[in-house]
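Each chain, letter by letter, is given below.
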Amino acid sequence: MGERKVCLPGYSLTELLVVIMLFALAMGILMDTYIQFTRLSHKTSNAAVVQQDSRFAFEYIARAVRNTPIDYSVTWAISSSTLRLLPTNGSAIIITQSPAGDARCGDAAAISCLLVSTNGGVNWAPLTSKSVNVKKFKVYLQPTTSPFVLTGSPADYPTDQQPFVTVQMELEYVAARAVENATMNAQTTISSRVYVR
Amino acid sequence: MKLKMPNAKCQISKCGKFGIRNLAFGIHVLPGQTIMEMLLVFLIISMGLYGAVTLIVANVTHQEADADHLVAMDLAREQLELAQNKRDSNWLNDKDFDFGMTNIIGGCTAITNWNGSAVPSFVFAASAQPVNLSSLAVSLGMFTNQVGTATVFSRWLNFAPICAKPDHSATAVSATCACSDPAYTDKVGLRVLSNVKWTRRGSNKSLSIYTDMYDWR
């Protein structure tokens, strides 16, 4: 019997290196695409949370301002970061921006939330979700004195302007990676439907 | 195809088109891929990547569109609320309910003159005017039609009287600032149309909402 040899020529080193390089390149592109997709997916999800919070907070504030008298027992600046309303039961509704890391938010140290109290500031609850940082909450009120209370002598109303409130709010979802943060800056105005005069 | 092997006994004369060919010397030949096969593979991979990239871009675009729409809706609602506030303030001032809205010099299209401090009013504008982030100290960063940093949004209002027949059996919205139709002579209300326009990625978007206000509470 003759000797039977099996020769498998295989690949040269150059061929292997080229293949490995191409494979690495393809994997790099795929991994980058995957990572980008994951990050954008997270960012979209975070943006949805911010939008939902913005919508909810504006609706809550709008309903409150429409139906509840402005609390003119306190001194109002043209703009502030606190909205005070005074229902007929005497328990003020207060909506305010908390300091960063406020325990009432129950969130991370860097987070400032929107807080609401319906009993004059005794109990508070956050109006915004976890990880949503309130970067700006500004309330513009006009007029700053009640148009429904007679003052002076002879008595007269200080203004003939129906109260209205403009609220501007900038929210940011603070994610673990900064590139996944999502922000939203919105503003609306609500005219009071409380007709006294 | 001819491969030169170091061992003289391991020479191959030719190999098959597909698969492995066993020659008399017992040599196995791995033919590899043709250029067409490689191109096909690249095409399939490219299609997969294109699909993923398209998905990402669409995702981002729709998310931005959602956010823009939400901001635009709030800005549009703001104009309606300011119009409502004007009517309510007119009552307190013992003026006609539509004073400052249908008697604007220039016409019945307007923008809101509201900068966060003075009493708001409406001024004539023939078309949508830019919404800026205010640069005024009193209202820094506020969305306003006053001077400031530009945003993608612009807005304006249209006031149209709601006119009724003398016996109030029917109403119609006037195309002018007054009840000019001889059949509909009594002004009973006001239709306020709020328009917001914006541009994103070269695409023009718009939103319009309206409310009907009457001379009663």
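Small disclaimer: the values here were computed from a predicted structure and weren't measured.

> Which residues make up the overall build of chain B, and what values go with them?
Each helix and strand counted, chain B has one helix and eight strands in total. Each helix (α) and strand (β) of chain B, taken in turn from the N terminus, gives the series α-β-β-β-β-β-β-β-β. By the burial criterion, 28% of the 217 residues in chain B qualify as buried. Long-range pairs, those at least 24 residues apart, make up 42% of the contacts in chain B with a sequence separation of at least 6.

> Can you break down the sheet that holds strand β4 (residues 114-117) of chain A residue by residue, with the values?
Residues and elements named next belong to chain A. In space, the four strands of this open sheet follow the order β2-β3-β4-β5, with antiparallel pairing throughout. Taken across any chain shown, the strands that pair with only one partner, and hence form the sheet edges, are β2 (82-85) and β5 (125-126). With four bridges connecting them, strand β3 (residues 93-97) and β4 associate as antiparallel partners. Among the inter-strand pairings, I95 is bridged to a residue of β4, identified as V116. Sitting on the sheet, helix α1 (residues 13-67) is in contact with β2, β3 and β4, with an inclination near 35 degrees to β2.

> A description of the interface of chain A and chain B should follow, citing residues and the corresponding values.
Facing the 38 residues of chain A at the interface are 40 residues of chain B. Mapped onto the side of chain A that touches chain B, the elements with two or more residues apiece are α1, β6 (132-142), β7 (164-173) and β8 (182-191) of chain A. Broken down by element, the side of chain A that touches chain B gets its largest block of residues, 12 residues, from α1(A). Residue classes in the side of chain A that touches chain B are distributed as 18 nonpolar, 15 polar and five charged.

> Give a description of the confidence of the model for chain B that names residues and reports values.
Residues of chain B with pLDDT of at least 70 account for 86%, and the chain-wide mean is 87. Across the interface, the model reports ipTM at 0.87; the global pTM reads 0.85.

> Give a detailed account of the sheet that holds strand β1 (residues 79-80) of chain A, specifying residues and quantitative values.
Residues and elements named next belong to chain A. Pairing is antiparallel across the open sheet formed by four strands, whose spatial order is β1-β6-β7-β8. In this open sheet, the two strands that pair with only one neighbour each are β1 and β8. Across the sheet, α1 lies against β6, β7 and β8, angled at about 15 degrees from β8, the strand it touches most.

> Go over the pairing of β6(A), please, and point to the residues and values.
Consecutive side chains of a regular strand alternate in pointing toward one face of the sheet and then the other. Residue and element names in this part refer to chain A. The element β6 is extensively covered by neighbouring structure, given that eight of its 11 residues are classed as buried. Pairing between β6 and β7: 10 bridges, direction antiparallel. In the sheet register, N133 faces β7, and the bridge partner there is E172.

> Help me get a handle on the nonpolar core, residues and values and all.
Among the nonpolar cores identified, the biggest contains 66 residues, and I61(A), I95(A), L114(A), V165(A), L75(B), L157(B) and V192(B) are the most heavily contacted of them. The dominant element in this core, judged by the number of residues it contributes, is helix α1 (residues 35-92) of chain B, at eight residues. In contact with V192(B), other than residues within four places in its own chain, are L80(B), A83(B), L157(B), F159(B), Y210(B), T211(B) and M213(B).

> Before we move on, could you go through α1(A) and cite the residues and values that matter?
Side chains that are three or four residues apart share a direction in an α-helix, a result of its 3.6 residues per turn. Over its 55 residues, α1(A) runs 80 Å from end to end, which matches the ideal 81 Å to within 8%, given 1.5 Å per residue. Taken together, the buried positions of α1(A) are occupied by K43(A), N46(A), A47(A), V50(A), Q51(A), D53(A), S54(A), A57(A), F58(A), I61(A) and V65(A).

> Account for the packing of α1(A) against α1(B), naming residues and giving values.
It is at 10 Å that the axes of α1(A) and α1(B) come closest, and there the two elements cross at 15 degrees. Considered as vectors, α1(A) and α1(B) are oriented roughly parallel to each other. Crossing of α1(A) against α1(B): the hand is left-handed. Between α1(A) and α1(B), the contacting residues are A26(A), I29(A), T33(A), Q36(A), F37(A), L40(A), T44(A), A47(A), Q51(A), S54(A), R55(A) and F58(A) on the first element and I45(B), L49(B), A52(B), V53(B), I56(B), N59(B), V60(B), Q63(B), D66(B), A67(B), L70(B) and D74(B) on the second.

> Before we move on, could you go through the environment of N145(B) and cite the residues and values that matter?
Residue and element names in this part refer to chain B. Looking at the element boundaries, N145 is found in the loop between β4 (143-144) and β5 (148-164). Among the residues examined, N145 registers 23 C-beta atoms within 10 Å and is labelled buried. Each C-alpha atom of the pair N145 and H168 lies 38 Å from the other, and the pair is 23 residues apart in sequence. Ignoring anything within four residues of it in the chain, the contact list for N145 reads I111, T112, Q129 and V131.

Quick notes on the rules
Residues numbered from 1 in each chain as written. Chains lettered and ligands numbered in written order. Predicted model: local features only at pLDDT ≥ 70, side-chain atom pairs only at ≥ 80, totals over all residues. Helix = DSSP H or I, 4+ residues; strand = E, 2+ residues; numbered from the N terminus. Buried ≥ 20, exposed ≤ 12 C-beta atoms within 10 Å, placed from the backbone. Contact = placed C-beta atoms within 7 Å. Pairing = 2+ DSSP bridges. Axes fitted to C-alpha atoms, helices over the stretch in contact; angles between N-to-C directions. Nonpolar A, V, L, I, M, F, W, Y, C, P; charged D, E, K, R; others polar. pLDDT = per-residue confidence, 0-100. Core = buried A, V, L, I, M, F, W, Y, C linked by C-beta atoms within 7 Å. Expected span 1.5 Å × (residues − 1). Parallel < 35°, antiparallel > 145°, perpendicular 65-115°, else oblique. Left-handed = near helix turned anticlockwise from the far one by under 90°.

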